[in-house]
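# Observations on chain architecture
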Amino acid sequence: MKLKITLAALIAALSTSTHAKTTGKISGTEFNPAISFILDGRYTDIDSSELELPGFQLGGEAGLPENGFSTGHNELSISANIDDKFYGLMTSAIVFEGGETEFELEEAYIETLKLGSGFTIKGGRFFSGIGYLNGIHDHAHDFADRPLVYDALFGGHLVDTGVQARWVAPTDLFINLGAEVITGSEFPGGENEDGNKGLALFIKTGGDINASSSWQFGASFYQSEFDVREAGGHHHGGEETEADNELLNGEVDVTGIDFIYKWAPDGNRKNKNFKLQAEYFVKNEEGDAEFTEDSNTAEASYDGEQTGFYIQGVYQFMPAWRVGLRYDHLEADNIIADFVNGGIDEDEFLEESGLGAEDDPNKTSIMLDYSPSHFSRIRLQYSQLDNGHEDTNDIVTLQYTMSLGAHGAHTF
Amino acid sequence: MKLLTPTLGLILFLLASPASAVVKVFACEPEWKALVETLGGEYVKASSATTAFQDPHYIEARPSLIAKTRRADLIVCTGAELEVGWLPLLLRQSGNSAIQKNELGYFLAADQVERIEVPENLDRSQGDLHASGNPHVHWGPYRLLTIAKALSDRLQKLDAKHVAQYRQRYQAFATKWKKQISKWESQAAELKGKKVIVYHKNWSYLLNWLGIEMVGNLEPKPGLPPTSAHLANLLELTRSTEISYIMTTNFQNDKGARWLSEKTDIPILSLPYTVGGDKKASDLISLYDGVISALTNYQ
């Protein structure tokens, strides 16, 4: 999924935007295609950069930032109407980690414009339509990090390759139904022979209460069956061991609801506005858990139910300035049976595989950000993460996210 | 579960009312809703995505707007990047093929006329610039007439059954509007050469037309809120230049304007920017009437 590219290729990819700058015409409507680049950098003060959430097998991009200075997701996005019938978008993150630059394809999809009757079909690699934040790129989130439930259950975002069909009902009340058939091989799914075992369904509805306030409610469902899922096994500091943490012959499903309420005096968001947002997910998964370290193994059958929610409020109290508060909570209820000790005892297995639940992890975050224009934002955030296992982790982040090029989209 | 989507879809489809005869119009701003209602009368049913109290640049593609674009036969928006943050998103999410770019159901007012203040050099250090020039075209009365003609033509193409009625309505509007223009021009003749400070350049077409000179902006750069350093510069300016008034609209934060006004005794005119902006501004003519009277009364 991650492929390294040479500096030359990167320069080639960016040369279009350089050219655009010299001719001086960059805008989403006038310039074809619209190019935007997100610059994300941060300074983090953190007790431990290793994310451990007992009871949750982590995958995907779940993690914590490094201590000190780091660059986040610097993101290149190119989009345009391809012709009168199709729209296309490519977003990739350029990540510098451990002395290496990696080019990650986040999204690359096409979408129909002319099916009519409320139908749209999207194909390619895309952020699934489930949940509320899942489809929104990290730089457009209201906090410096993703809600814990997204990291714990989806490895950051549910992003996969396949086809999505959406339909908007011809009603006054907004009703949007969507279905996706995807590979199902991305976390929390896993490798499957057919490469089409993932299914996602979602419904979104919403409207205006009056000129000042609007709401949206969503419900979603995801499922996948897989032969093998590799989870990121955690390593004790300094130990040079090869650990394999796998779930075999597994199936997973996630059901969730999300709610958003927005308010602005007279609906004029420029000076003041408030946003309340909450999401809740339940994940059920089962399979044969296998943990291998050097020549020692442990096996068990596993059936788990993990839930998580977050609730957050963000208030823009004057132009350019916002404050936000978020509370995250997770809970894991895992049943382990038929344990087989192959050199690793059950306690060690539970800890190393991530399947042994302890107290409920939770996190509280408070943030203040300043956006002098549509295109720049500087944010200060403090979070306290209690993973239910060790001491609490205090995280202070000072971050900038800035965009150059095409004007960003004002998603609800 | 797999059958859920099509089944629900079918039910909702059957419940939906059959296509009615009127042209359903999604206007991005109240001025275009007013214009299309004047030109279409009973043959159109229009709604506006924004009110006169909202900055059209800051709207989000919220659920109710997607639901409205889904059912629209025609969208009438300003263009010139005023709605760049949300209109493209609405179009893509609507699943409505009739209103996509360059279709008959896609009408941008600013595309019909020449824009002023087209930036020579596009650089965001100059603020949130519109590459295609000043989008606030409804304050140019001659431009508005051109837009009305193009919009009427569009209605005639979309709804061929009522061509005669649309033509007649346009003629009636054009005659009345031209008469109004000469009335407003003589009423505002005395304003020629006056100097004003504005909050944002949304009055440029009006000021150009009436020969009023805009000598300052409360925004240091388009789209950016006033800063104290910038206000101090404006205060300096008022010492060397005689300024008749500070023009703001009622959706703009007037803190900076009030500060400057208190320091200098220059009156603030908080004006309705568009139809619905105050009690009197019920259509385009009464909107113009109100604003021009406010300008002339403050002599």
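Note that the structure is a prediction, hence the values are computed from the model and not measured.

Moving on, we get to the overall build of chain A. Helix and strand counts for chain A stand at three helices and 18 strands. Across its three principal directions, the C-alpha atoms of chain A cover 65 × 50 × 45 Å. Burial status across chain A gives 44% buried among its 412 residues. Look at the contacts in chain A between residues 6 or more apart in sequence, and 64% of them connect residues 24 or more apart.

Moving on: the overall build of chain B. For chain B, the helix and strand inventory stands at 10 helices and eight strands. The C-alpha radius of gyration computed for chain B amounts to 21 Å, which stays within 12% of the reference 19 Å derived for 299 residues, consistent with globular compactness. For the C-alpha atoms alone, the extent of chain B along its principal axes is close to 70 × 50 × 35 Å. The proportion of buried residues among the 299 residues of chain B is 47%. Nonlocal contacts in chain B, meaning residues at least 24 apart in sequence, comprise 60% of its contacts between residues at least 6 apart.

Between A:F187 and the following residue, A:P188, the backbone shows a cis peptide bond with an omega angle of 10 degrees. Along the chain, A:P188 falls in the loop between β9 (174-182) and β10 (198-208). Backbone geometry at A:D294 places phi at a positive 55 degrees, although glycine is not the residue there. Its location among the elements puts A:D294 in the loop between β13 (273-293) and β14 (296-318). With 10 C-beta atoms packed within 10 Å, A:D294 lands in the exposed category. A positive phi angle, near 55 degrees, is found at B:E117, a position not held by glycine. One can find B:E117 in the loop between β4 (106-108) and α5 (141-158).

A few words on the interface of chain B and chain A. Between chain B and chain A, the residue contacts involve 47 residues of the former and 57 residues of the latter. Among the elements of the structure, α1 (4-15), α3 (63-71) and α4 (87-94) of chain B are those that each provide at least two residues to the side of chain B that touches chain A. Broken down by element, the residue count for the side of chain B that touches chain A peaks at six residues, all from α3(B). Partitioning the side of chain B that touches chain A into residue classes produces 21 nonpolar, 16 polar and 10 charged.

Attention now moves to the sheet that holds strand β2 (residues 44-48) of chain B. Residues and elements named next belong to chain B. The strand order β2-β1-β3-β4 describes an open sheet built from four strands, whose pairing is parallel. Strand pairing shows two members of the sheet lacking a second neighbour, β2 and β4, which therefore form its edges. Neighbouring strand axes in the sheet, compared pairwise and without regard to direction, differ in orientation by 20 degrees on average. Judged from the three bridges that link them, strand β3 (residues 74-77) and β4 form a sheet pairing that is parallel. Residue pairing across strands places V76 opposite F107, the latter belonging to β4.

So, on to helix α6 (residues 163-187) of chain B. All names here are of chain B. The first and last C-alpha atoms of α6 sit 36 Å apart over 25 residues, in line with the 36 Å expected at 1.5 Å per residue. What α6 keeps buried is the set Y166, Y170, F173 and W184. For α6, the elements touching its buried residues are α2 (30-40), α5 and α10 (284-297).

Now for the sheet that holds strand β8 (residues 268-271) of chain B. The strands that make up a sheet pair up through hydrogen bonds in the backbone, lying either parallel or antiparallel. Residue and element names in this part refer to chain B. Reading across the sheet, the four strands line up as β6-β5-β7-β8 and stay open at both edges, with parallel pairing between neighbours. Edge strands, defined here as strands with exactly one partner in the open sheet, are β6 (213-217) and β8. Taken over all neighbouring pairs, the strand axes of this sheet differ in orientation by 30 degrees on average, direction set aside. Strand direction decides the pairing type here: strand β5 (residues 195-198) and β6, joined by four bridges, are parallel. Within the sheet, the bridge partner assigned to V198 lies in β6 and is N217.

What follows is about the pairing of β9(A). Residues and elements named next belong to chain A. Along β9, eight of the nine residues are buried, which leaves the element largely enclosed by surrounding structure. As paired elements, strand β8 (residues 159-168) and β9 share seven bridges and run antiparallel to each other. Residue pairing for β9: Q164 is matched across the bridge by E180. Connecting the antiparallel pair β8 and β9 is a turn made up of five residues.

Moving on, we get to helix α9 (residues 255-264) of chain B. All names here are of chain B. Taken as a whole, α9 has its buried residues at G256, A257 and L260. Buried residues of α9, viewed axially, fall in a sector of 100 degrees; they line one side. Against the buried residues of α9 lie α8 (228-240), β7 (245-249) and β8.

All names here are of chain B. Taken as a whole, chain B is organised into domain 1 (21-181) and domain 2 (188-297). Between the C-alpha centres of domain 1 and domain 2 the distance comes to 25 Å. At the level of secondary structure, the elements contributing two or more residues to the side of domain 1 that touches domain 2 comprise α2 and α5. Take the side of domain 1 that touches domain 2: its biggest share by element is five residues, from α2. Looking at the side of domain 1 that touches domain 2 residue by residue, the classes come out as 10 nonpolar, 10 polar and six charged.

Scored by pLDDT, chain B has a mean of 91; 93% of the residues are at 70 or more. Across the interfaces of the predicted complex, the ipTM metric reaches 0.89, alongside a pTM of 0.90.

On to the packing of α3(B) against α4(B), then. Residues and elements named next belong to chain B. Closest axis-to-axis distance for the α3/α4 pair is 9 Å, and the angle between their directions is 60 degrees. As far as their axial angle goes, α4 and α3 are oblique. Note on packing geometry: the crossing formed by α3 with α4 is right-handed. Mapping the contact onto sequence places L65, I66, T69 and R70 in α3 and L90, L91, Q93 and S94 in α4.

Within the secondary structure layout, A:M90 lies in strand β5 (residues 86-97). Beyond its immediate sequence surroundings of up to four residues, A:M90 is in contact with A:I78, A:E107 and A:A108.

Here the focus is the confidence of the model for chain A. Residues and elements named next belong to chain A. Summing up the model confidence of chain A, the mean pLDDT is 89 and the portion of residues at 70 or higher is 90%. Counted against residues more than four places away or in other chains, residues 1-29, with its pLDDT under 50, gives 40 contacts. Scored below 50 in pLDDT, residues 233-240 shows eight contacts in the model against residues more than four places distant or in partner chains.

Glancing now at the nonpolar core. The biggest cluster of nonpolar side chains holds 87 residues, and the ones touching the most others in it are B:V25, B:V36 and B:V76. Counting residues per element, this core draws most heavily on α5(B), at six residues. Domain assignment of the residues forming this core places at least three in each of domain 1 (21-181) and domain 2 (188-297) of chain B. Ignoring sequence-local partners within four residues, the contact set of B:V25 consists of B:V36, B:V44, B:K45, B:A46, B:A72, B:L74 and B:V76. Of all hydrophobic cores here, the second largest spans 48 residues; its members include A:V149, A:A231, A:F281 and A:A357.

Before going further, it helps to spend a moment on the pairing of strand β11 (residues 213-230) of chain A. Residue and element names in this part refer to chain A. Looking at chain direction, β10 and β11 are connected through 10 bridges and run antiparallel. Opposite T205, over in β11, you have F217 as the bridge partner. Count of turn residues in the β10/β11 antiparallel hairpin: four residues. Taken together, the 17 bridges between β11 and strand β12 (residues 243-263) define a ladder with antiparallel strand orientation. Each residue of the ladder has a partner; that of F221, found in β12, is T255.

Rules and cut-offs
- Residues numbered from 1 in each chain as written.
- Chains lettered and ligands numbered in written order.
- Predicted model: local features only at pLDDT ≥ 70, side-chain atom pairs only at ≥ 80, totals over all residues.
- Helix = DSSP H or I, 4+ residues; strand = E, 2+ residues; numbered from the N terminus.
- Buried ≥ 20, exposed ≤ 12 C-beta atoms within 10 Å, placed from the backbone.
- Contact = placed C-beta atoms within 7 Å.
- Rg over C-alpha atoms; globule rule 2.2 N^0.38 Å.
- Nonpolar A, V, L, I, M, F, W, Y, C, P; charged D, E, K, R; others polar.
- Pairing = 2+ DSSP bridges.
- Axes fitted to C-alpha atoms, helices over the stretch in contact; angles between N-to-C directions.
- Expected span 1.5 Å × (residues − 1).
- Arc of directions from axis to C-beta.
- Domains from an automatic or database assignment.
- pLDDT = per-residue confidence, 0-100.
- Parallel < 35°, antiparallel > 145°, perpendicular 65-115°, else oblique.
- Left-handed = near helix turned anticlockwise from the far one by under 90°.
- Core = buried A, V, L, I, M, F, W, Y, C linked by C-beta atoms within 7 Å.

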